[in-house]
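Summary of structural features
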Amino acid sequence: MASEVLQPEGDDMARTSWNMRRIIAMYQETFTVIEKCLKPVVVAVKGACAVGVDLISQDAWFQVKATWNMSMLQTEDVMKSAVAAMEKKRRVLRKIKERVRKIQYEKAKKNVLMSAVNGHKPICEVRDGKIHQPLDHFDSQNDETFPQRFLVNEAYWERPHGPVFLFIGGEGPISEFDVLAGHHVDMAEEHGALLVALEHRFYGESINKDGLETENLGDLSSQQALADIAEFHQYISDRFDLSDKNTWISFGGSYAGALSAWLRGKFPHLVYGAVASSAPVKAKLDYSAFNKVVGLSLADEDVGGSAKCLGDIWEAFAAVEAALFAGNATEVGKDFGCCETPEDLEDQIELMQSLADIVMGTVAYNEEGGILTIEELCDIMTNETETFYSETEAYERLIKLVQIDRATGEEPCLDVSHKQTIKDLSDTNLDSAYNGERQWYYQTCTEFGFFQTCEDTSCPFSRMLTLQAQTDLCPEVFNIPQHSLPGHIAFTNKYYGGDHPDTDRVLYVNGDIDPWHELSVLEEDLDKEDKDMTILIEGTAHCADMNPDGVADRPALKQARKAIERKVAKWLKEAAWKLVG
């Protein structure tokens, strides 16, 4: 076989190449035939898992899953839709988040497969359903509804009095793996809990056909989402004949982490305790501290950063900015592989935002399956073995960083068109808006702010990333006046309490290199009887605690998960004792 490949027949280069292609195609077909046959693949997978052979392609995993459960096929289709939608959106930071989610999804899929092979039975237990929710819980005259998706996994539930673990969906679609994999699922197995997940209104499949029209987005809010959860709580309680002996614990990460905390604050009779991971409970219009934390993390040697790395990134962005101000937009556009020349100021701001997003996303999802880690990014930005002119070396390294990001993300070019951003955010088609960017931007304009600006001296990026540039999108896309934004943010903080929320029995978990942690609760209120608890994990990024234990996890992260497990176990024991007493 080796001789055929290494020395194919042919008198000239063309014939030789053609014969080589024919031989390779023939051998490839050998594996393709295996993948096309459903039943033999199951046997092959079991053998591979047993002996550790890694010859199974991504398509083969899909075939195995297809023989188990149609819901898994639906999940695959949903994820493909999400990826297709992701490609249509322009914000690089959002794309990085979706890439991380896709990678974690693939890991979860393989973990679930291994679990099933080893004798567990979670896949057959997942139920996918819809509940018709009021479109407006606060208007009794409005009888309109929308379909809200939920998932149930009964595999570990110890009937009839086992606890209920509620996974709250955030600014994106839920998937079967939200009740099949994750730290909360591991704890559910330990405590015999019923697992349920609820998708957030107006995201994923939980939306009416005309739901994304601007005039209909008024029903999208965190207050309505909490009311949805309250209705869902009653629905599940009725369907499974639950009582006060079934203790509910809620879980959520990022925005959904805030919802988990707020649920405990606004509806304390529904959930006994809440885990809020990386939860930005304080709304902030100008969130310049996001990039301050990014800068500190880039300089943190414990996670692979350095002062030189931070300095070189600052220098690179200054060089790009100087080139644009000098009128060299054409050259800059070619250097960074832009889809079009950033001639206009708005397009130049888009370029600077996209470049910053690559760095911001690397920090936010460090060691969670992103394209690069902080250490790898800093290796690129400080690599002095390359031969560059001293005055342009940081600029050239930033070009290399962008090339790696584009190649890994299979991006043909870097989209810097502001008009395209407006067009994408204005798209009300449900398929193209599947990943939720339009919806989430609406919520930032009406409730949270969270605009990651760079006007502060601590920001390592371009001063072109102003609050004005980001809030311009609110009136352009949603007809929301900019002057109304401070009032919206003030109301949110008054309603929920900002970073001093009126909650108890909430566990706030954050990573200290996560740029979102400064908007969460970081100190415990010792005056409360059932006080909240905080965990700040050293060297850990966004929502890392929600993943199952990994071999490469930092010791601090593993210790944090143990602390979460102890707290959840304590809540369940307390709830049981209160019923006895």
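Refer to the preceding data block for the structure.
Residues numbered from 1 in each chain as written. Predicted model: local features only at pLDDT ≥ 70, side-chain atom pairs only at ≥ 80, totals over all residues. Heavy atoms only, no water.

**Section: the pattern of salt bridges**
Scanning the entire structure with this criterion turns up 16 salt bridges. R264 is paired through a salt bridge with D504; the nearest N and O atoms lie 2.6 Å apart. Remark: D504 occurs in the loop between α20 (485-496) and β9 (506-511) and R264 occurs in helix α9 (residues 255-266); sequence separation between them is 240 residues. The closest approach of N and O atoms between E565 and K562, which form a salt bridge, is 3.9 Å. With E565 and K562 both in helix α21 (residues 555-580) and three residues apart, the pair spans about one turn of that helix. Salt bridges here are not isolated pairs; linked through shared partners, they connect D128, K130, R149, E176 and E205. (Salt bridge = Lys/Arg side-chain N within 4 Å of Asp/Glu carboxyl O. Helix = DSSP H or I, 4+ residues; strand = E, 2+ residues; numbered from the N terminus.)

**Notes on the environment of G497**
Checked against the element boundaries, G497 lands in the loop between α20 and β9. With 232 residues separating them in the primary sequence, G497 and G265 have C-alpha atoms 9.7 Å apart.

**Describing the environment of E176**
With respect to the element layout, E176 can be found in the loop between β3 (164-168) and α7 (183-191). Considering only alpha carbons, one finds E176 and F150, 26 residues apart in sequence, at a separation of 9.5 Å.

**What to know about the packing of aromatic side chains**
The tally for this structure, following the rule as stated, stands at 22 aromatic pairs. When the ring of F491 is compared with that of Y495, the centres are 5.7 Å apart and the planes differ by 25°; the resulting orientation is stacked. Of this pair, F491 and Y495 both sit in helix α20, four residues apart, which is roughly one turn of the helix. A relative accessible area of 47% means that F491 is categorised as partly exposed. (Phe/Tyr/Trp six-rings, centres within 6.5 Å; stacked < 30°, edge-to-face > 60°. Buried < 20%, exposed > 50% of the residue type's maximum accessible area, 1.4 Å probe, protein only.)

**A word on a negative patch on the surface**
A grouping of D143, E144, D210, E213 and E215 is seen on the molecular surface, where their side chains present a negatively charged patch. Mapped onto the elements, E213 comes out in the loop between β4 (194-198) and α8 (222-239). (Patch = residues over 30% accessible without salt bridge, like charges linked within 9 Å, V, L, I, M, F, W, Y side chains within 5 Å. Areas by Shrake-Rupley, 256 points an atom, 1.4 Å probe, with all protein chains shown as cover. Lys, Arg positive; Asp, Glu negative; His and termini not counted. Charge placed at Lys NZ, Arg CZ, Asp CG, Glu CD.)

**A word on the sheet that holds β4**
On the basis of which strands lie adjacent, the open sheet formed by eight strands has the order β1-β2-β4-β3-β5-β6-β9-β10 and mixed pairing. Strands at the two margins of the open sheet, each flanked by one partner only, are β1 (126-134) and β10 (533-537). Across the sheet, the axes of successive neighbouring strands diverge by a mean angle of 20°, strand direction being ignored. Alignment of strand β5 (residues 248-253) against strand β6 (residues 273-277), held across five bridges, turns out to be parallel. The partner of I249 across the bridge, within β6, is G273. The strands touched by α8 are β1, β2 (145-153), β3, β4 and β5; relative to β1, the strand with the most contacts, the crossing angle is about 125°. Against the sheet, α21 engages β3, β5, β6, β9 and β10, with an angle of about 165° to β10. (Pairing = 2+ DSSP bridges. Axes fitted to C-alpha atoms, helices over the stretch in contact; angles between N-to-C directions. Contact = heavy atoms within 4.5 Å.)

**Some points on helix α10 (residues 289-298)**
Most of α10 is tucked away: eight of the 10 residues are buried. Within α10 the residues assigned to the buried category are A289, F290, N291, V293, V294, G295, S297 and L298. Against the buried residues of α10 lie α11 (307-325), α13 (345-364) and α14 (374-382).

**With respect to the layout of surface pockets**
As a volume, the second largest pocket reaches approximately 820 Å³. Lining the second largest pocket are 42 residues, and of these R91, E437, Y441, Q452 and Q470 sit closest to its centre. For the lining of the second largest pocket, the elements supplying multiple residues, two or more each, are α6 (92-117), α13, α16 (418-425), α17 (437-448), β8 (449-451), α18 (467-471) and α19 (473-478). Residues belonging to the lining of the second largest pocket are distributed by class as follows: 18 nonpolar, 11 polar and 13 charged. (1 Å grid on protein atoms, 1.4 Å probe; cavity = no way out; pocket = protein on both sides within 12 Å on 5 of 7 lines; lining within 4 Å. Points joined across faces, edges and corners; volume = space filled by probe spheres on them. Nonpolar A, V, L, I, M, F, W, Y, C, P; charged D, E, K, R; others polar.)

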